[in-house]
Every structure is written in C-alpha cells, then in structure tokens.
Amino acid sequence: MDQLKRSLLEAPIIEKDGYHYFVHPISDGVPKLDPGLLREIVIRIIRKADLEDVDRIVTPAAMGIHISTAVSLMTDIPLTVIRKRQYGLDDEVAIFQETGYSENEMYINDVREGERVLVLDDVLSTGGTLAAVLEALDDIGAEVIDTVAVIKKAGGENKVADAGYDVKTLINVDVVDGEVVIVDEEGD
C-alpha cells in the first residue's frame, strides 16, 4: 500500500460546523509530514501533470506551499504563492475564496497575461478555492496548462467542476461514518 493511501486511512476525522474534515499532514501540517510521503506525492504530480511549456507554478497559501515548493525544486519551474495578505503591488488581483468551512480574500501577484501556469493545491473538497483561483487566472489572461490537487474529497458540492474547470487528483476519498474511505486510488 502506498504512503498516501495508508496515511489517509489512518487520518483522524474532526467535525467543524457539520463539515467532516480529515486531519492530514498534506492538508493540515499535522501530524508530522514524512519526507517519503512528500517525495511520493511530488513524483506522482510530476508524472500526472502536463508540465510541457509551463512557465510558473501557482498555488494558494498555505497548505499548497510545501507541495509546490518541492515540485518547483524538482522541475526548476518558478513558483508564485497566492497570499491571504494584500501587498498593494502593481497588478495585484483580489479574489474571494469560499470553502466548506471558511471565507477569505486572497491576492495574486506577479502572474501576467500570456503566462502558462500549473496550478497545484493540497485538497479539492468543495472546489471553492480552486474555482476562485482558476477564474482569476482566466481574468488575468494566464493560460492554465494543468491543475492538480493531491486529494479529492468526493461527494457534495464541487464548485470547480460546476464552473467548467478540470482538475486532476492523485487520490479520491470520502468520509463515511467517521472514517476515510478510498473512492479511487488513482484519482481523476
């Protein structure tokens, strides 16, 4: 059994305002993130993503940063982090992010019209974050070559699919009776 699958099956589940949430090192930073797990994920992303002609990796803060940094190091593709802090730089684009458990504004800096980007994120749950990011990148005029989320929480709302965007995933899971259930070991 691979490390990602095993770590998800062992993940504790918490409930926040009726939302069943698995606690995992990739999505939460706890428990500790084993380097072997991160390495496995990075290799799988590199194999699954269309990296040809990508100018830049783009990821939302905070939990996409460690994954995207590792992919950037392995591919020599520069990285831009979409931050929750406004800097007021020229061409800064504000986006509204709504997830299953929170709402925030995020800010894209240093992504230009015509740039070819790979969007990476840790989890696709409701799709609120990725839908907002992909729409903002379209508005900027960036070309999204590919989008990959490590884990997809199946079932329920998927705003990114509803908006017409495709996202590749490494593994799809659901939470049933307080436990993680693997829906698709290969993801989308």
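Per an unreviewed UniProt entry, the protein is named HGPRTase-like protein, and its organism is Natronococcus amylolyticus DSM 10524. Quoted verbatim from the Function (unreviewed entry) field of the UniProt record, the comment on the protein reads "May catalyze a purine salvage reaction, the substrate is unknown." Per UniProt, the comment on the protein under Sequence similarities (unreviewed entry) is "Belongs to the purine/pyrimidine phosphoribosyltransferase family. Archaeal HPRT subfamily."

What follows concerns the nonpolar core. Residues L4, L8, F22, I41, I45, V150 and I151 are the most contacted members of the largest nonpolar core, which totals 30 residues. Those elements giving two or more residues to this core turn out to be α1 (3-9), α3 (35-48), α4 (65-75), β7 (116-124), β8 (143-153), β9 (168-176) and β10 (179-184). Residue contributions to this core peak at five residues, all from α3. Not counting chain neighbours up to four residues away, the residues in contact with I45 comprise I67, V71, L120, V148, V150 and L170. With 22 residues, the next largest nonpolar core counts L134, A136, A149 and V167 among its residues.

Looking now at the sheet that holds β10. Read across the open sheet, the six strands follow the order β4-β3-β7-β8-β9-β10; overall the sheet is mixed. The open sheet has two free edges, formed respectively by β4 (79-82) and β10, since each of these has just one partner strand. Put simply, the sheet's adjacent strands are angled 25 degrees from each other on average, direction ignored. In terms of strand pairing, strand β3 (residues 56-60) meets β7 through three bridges, oriented parallel. Among the inter-strand pairings, V58 is bridged to a residue of β7, identified as V119. Against the sheet, α3 engages β7, β8 and β9, with an angle of about 125 degrees to β9. Contacts between helix α5 (residues 128-140) and the sheet are confined to β3, β4, β7 and β8, with β7 contributing the most and set at about 170 degrees to the helix.

The rules behind the values
- Residues numbered from 1 in each chain as written.
- Predicted model: local features only at pLDDT ≥ 70, side-chain atom pairs only at ≥ 80, totals over all residues.
- Heavy atoms only, no water.
- UniProt positions renumbered as here; feature names shortened; annotations may be inferred.
- Core = buried A, V, L, I, M, F, W, Y, C linked by side-chain atoms within 4.5 Å.
- Buried < 20%, exposed > 50% of the residue type's maximum accessible area, 1.4 Å probe, protein only.
- Helix = DSSP H or I, 4+ residues; strand = E, 2+ residues; numbered from the N terminus.
- Contact = heavy atoms within 4.5 Å.
- Pairing = 2+ DSSP bridges.
- Axes fitted to C-alpha atoms, helices over the stretch in contact; angles between N-to-C directions.

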